[in-house]
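Analysis of the macromolecular model
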Protein chains: 2
Amino acid sequence: MNLYKRLPKHIGVIPDGNRRWAVSKGLDKKEGYNYGINPGFKLYELCKDMGIEELTLYGFTVDNTKRPAAQKTAFQEACVNAVMDLIDKDAQLLVVGNTQSSCFPKELLPFTKRVKFGSGKIKVNFLVNYGWDWDLKYKGGLASSDISRIDLIIRWGGRRRLSGFLPIQSVYSDIYVLDELWPDFKPNQLYQALDWYQSQDITLGG
Amino acid sequence: MNLYKRLPKHIGVIPDGNRRWAVSKGLDKKEGYNYGINPGFKLYELCKDMGIEELTLYGFTVDNTKRPAAQKTAFQEACVNAVMDLIDKDAQLLVVGNTQSSCFPKELLPFTKRVKFGSGKIKVNFLVNYGWDWDLKYKGGLASSDISRIDLIIRWGGRRRLSGFLPIQSVYSDIYVLDELWPDFKPNQLYQALDWYQSQDITLGG
């Protein structure tokens with residue numbers, strides 16, 4: 001167990017690289033998504049145990065649904081399975097995404113208002129069929145208004161960009177990019193990001 | 001002159017580190033801003049000569065105006081001087097920022113609609129007293145709606161974050177961070193960012 005002098009309250013996660021990982025293992029691209037579920041739970045447990053208050057994970061986006069149908073089905077199923085596995089854990093879950101589209105898995109509709117599982121120790125936000133423009137143009141304010149400002153964004157898979165991830169909550173976020181692909185998640189990668197984060201100053205743009 | 005197989009159409013620049021640079025030279029923090037003007041012109045000339053179509057520079061933000069008065073005056077003056085020096089060059093200038101506040105330098109009001117200097121070869125957007133929330137809450141749409149999507153953001157000074165820089169235009173931007181402080185700008189730093197950029201795939205979130 002590492003000790004940190006300053007931990008982020010809210011971590012955003014961009015779990016990229018599932019398809020590249022699958023290809024590297026000689027699998028079909030679509031098979032990669034399934035291997036992204038367990039890493040999410042490992043990360044969730046570590047964050048919960050360290051007392052992180054809020055965790056937001058990029059499931060899939062409206063942009064992603066333009067991918068081939070087999071991939072689309074695969075990442076939709078992976079998101080549904082991830083939520084079903086979270087039910088017996090200790091989280092307050094909120095699924096945020098465009099439910100008006102057929103791309104949104106109906107099984108996740110009950111979780112579009114925050115639901116408490118077990119002791120509800122940590123807030124978990126899961127972006128499913130999320131679109132940054134959908135979020136901003138939402139009637140009556142931000143669709144993601146129940147998601148707080150993000151302190152630290154960790155992106156796996158080497159790309160140095162946000163790819164539409166919660167533009168408002170990310171305006172002041174420190175962004176840490178890991179070259180490792182998401183299915184290769186190891187606890188040490190999280191610790192590395194947290195080590196880096198505690199050395200950053202917080203100015204909120206000031 | 002380097003040759004690139006793929007250049008960004010639009011580069012965003014976060015010229016951070018002026019105050020840290022000043023302190024490292026035994027100067028007052030506020031003196032750093034003045035040393036940030038020439039680097040901007042060097043970068044501008046390089047981008048113009050390479051055929052970059054649009055360049056957006058972070059001048060100062062509404063958040064920045066909470067800094068000590070002497071610093072505030074210094075970065076306001078630096079922004080005014082930069083614009084005055086641009087007048088005899090070949091750019092189409094647009095200054096974007098909250099003009100309703102006393103922090104906005106009145107000398108820059110004529111440039112809040114795009115103005116063509118010389119042959120107007122490159123669009124230059126300069127964010128002056130810019131606020132991301134001001135931008136988004138603007139009556140009748142985005143205040144920065146005349147600024148296009150940004151392909152590549154280059155940040156000097158080592159911080160890995162956007163600090164409120166045009167959240168909408170930045171949703172898909174590739175972000176390149178240089179550890180060097182902005183007043184230490186060298187052409188090679190730009191080339192390094194462009195080298196990296198041409199190796200990135202462009203998916204626009206897909």
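Whatever comes next refers back to the structure up there.
Residues numbered from 1 in each chain as written. Chains lettered and ligands numbered in written order. Predicted model: local features only at pLDDT ≥ 70, side-chain atom pairs only at ≥ 80, totals over all residues. Heavy atoms only, no water.

Each side of the interface is counted separately: chain A has 28 residues, and chain B has 28 residues. For the chain A face of the interface with chain B, the top three residues by lost area are Arg160(A), Arg161(A) and Val171(A), together amounting to 27%. Here Asp201(A) makes a salt bridge to Arg159(B), at a shortest N to O gap of 3.3 Å. Seen at the junction of chain A and chain B, the total is 18 residue pairs in polar contact (both at pLDDT 80 or more). When contributions to the side of chain A that touches chain B are tallied by element, the ones reaching two or more residues are α4 (132-136) and β7 (174-178) of chain A. With 3 residues, the top contributor of residues to the side of chain A that touches chain B is β7(A). (Contact = heavy atoms within 4.5 Å. Buried area = accessible area lost by both parts, 1.4 Å probe. Salt bridge = Lys/Arg side-chain N within 4 Å of Asp/Glu carboxyl O. Polar contact = N/O pair within 3.5 Å; in protein donor to acceptor, adjacent residues only side chain to side chain. Helix = DSSP H or I, 4+ residues; strand = E, 2+ residues; numbered from the N terminus.)

Moving on, we come to the side chain of Asn129(B). All names here are of chain B. Relative to the assigned elements, Asn-129 resides in strand β5 (residues 122-130). A polar side-chain atom of Asn-129 sits 3.3 Å from a polar atom in the side chain of Ser-101. Excluding its chain neighbours within four sequence positions, the residues that come into contact with Asn-129 are Phe-60, Thr-61, Val-62, Thr-65, Gly-97, Asn-98, Ser-101, Cys-103 and Phe-104.

It is worth spelling out the relation of the copies chain A and chain B at this point. When chain A is fitted to chain B, the residual RMSD is 0.0 Å, and the transformation amounts to a turn of 180° plus an axial shift of 0.0 Å. In the structure described here, the two chain copies are related by an operation that fits a two-fold rotation axis. Scanning chain A for the C-alpha nearest the rotation axis identifies Pro167(A), at a separation of 2.8 Å. When the interface residues of chain A are mapped onto chain B, 100% of them are again interface residues, pointing to one common binding face. (Least-squares fit on C-alpha atoms with pLDDT ≥ 70 in both.)

All names here are of chain B. Structurally, Gln-169 can be placed in the loop between β6 (152-156) and β7 (174-178). In this structure, the C-alpha to C-alpha distance between Gln-169 and Gly-141, residues 28 residues apart in sequence, is 14 Å. Residues contacting Gln-169, with those up to four places away along its chain left out, are Leu-142, Ser-144, Ile-147, Ser-148, Arg-149 and Ile-150. Reaching out from Gln-169, the side chain makes a polar contact with the backbone oxygen of Ile-147 at a distance of 3.2 Å.

Looking now at the pairing of strand β1 (residues 10-15) of chain A. All names here are of chain A. Counting buried positions over the 6 residues of β1 gives 6, a clear majority of the element. Summarising the sheet, β1 and strand β2 (residues 54-61) pair through 4 bridges and their orientation is parallel. When the sheet's bridge partners are listed, His-10 is paired in β2 with Glu-54. In this structure, β1 lies alongside strand β6 (residues 152-156), joined through 5 bridges in parallel fashion. By the bridge assignment for β6, Pro-15 is matched with Trp-156. (Buried < 20%, exposed > 50% of the residue type's maximum accessible area, 1.4 Å probe, protein only. Pairing = 2+ DSSP bridges.)

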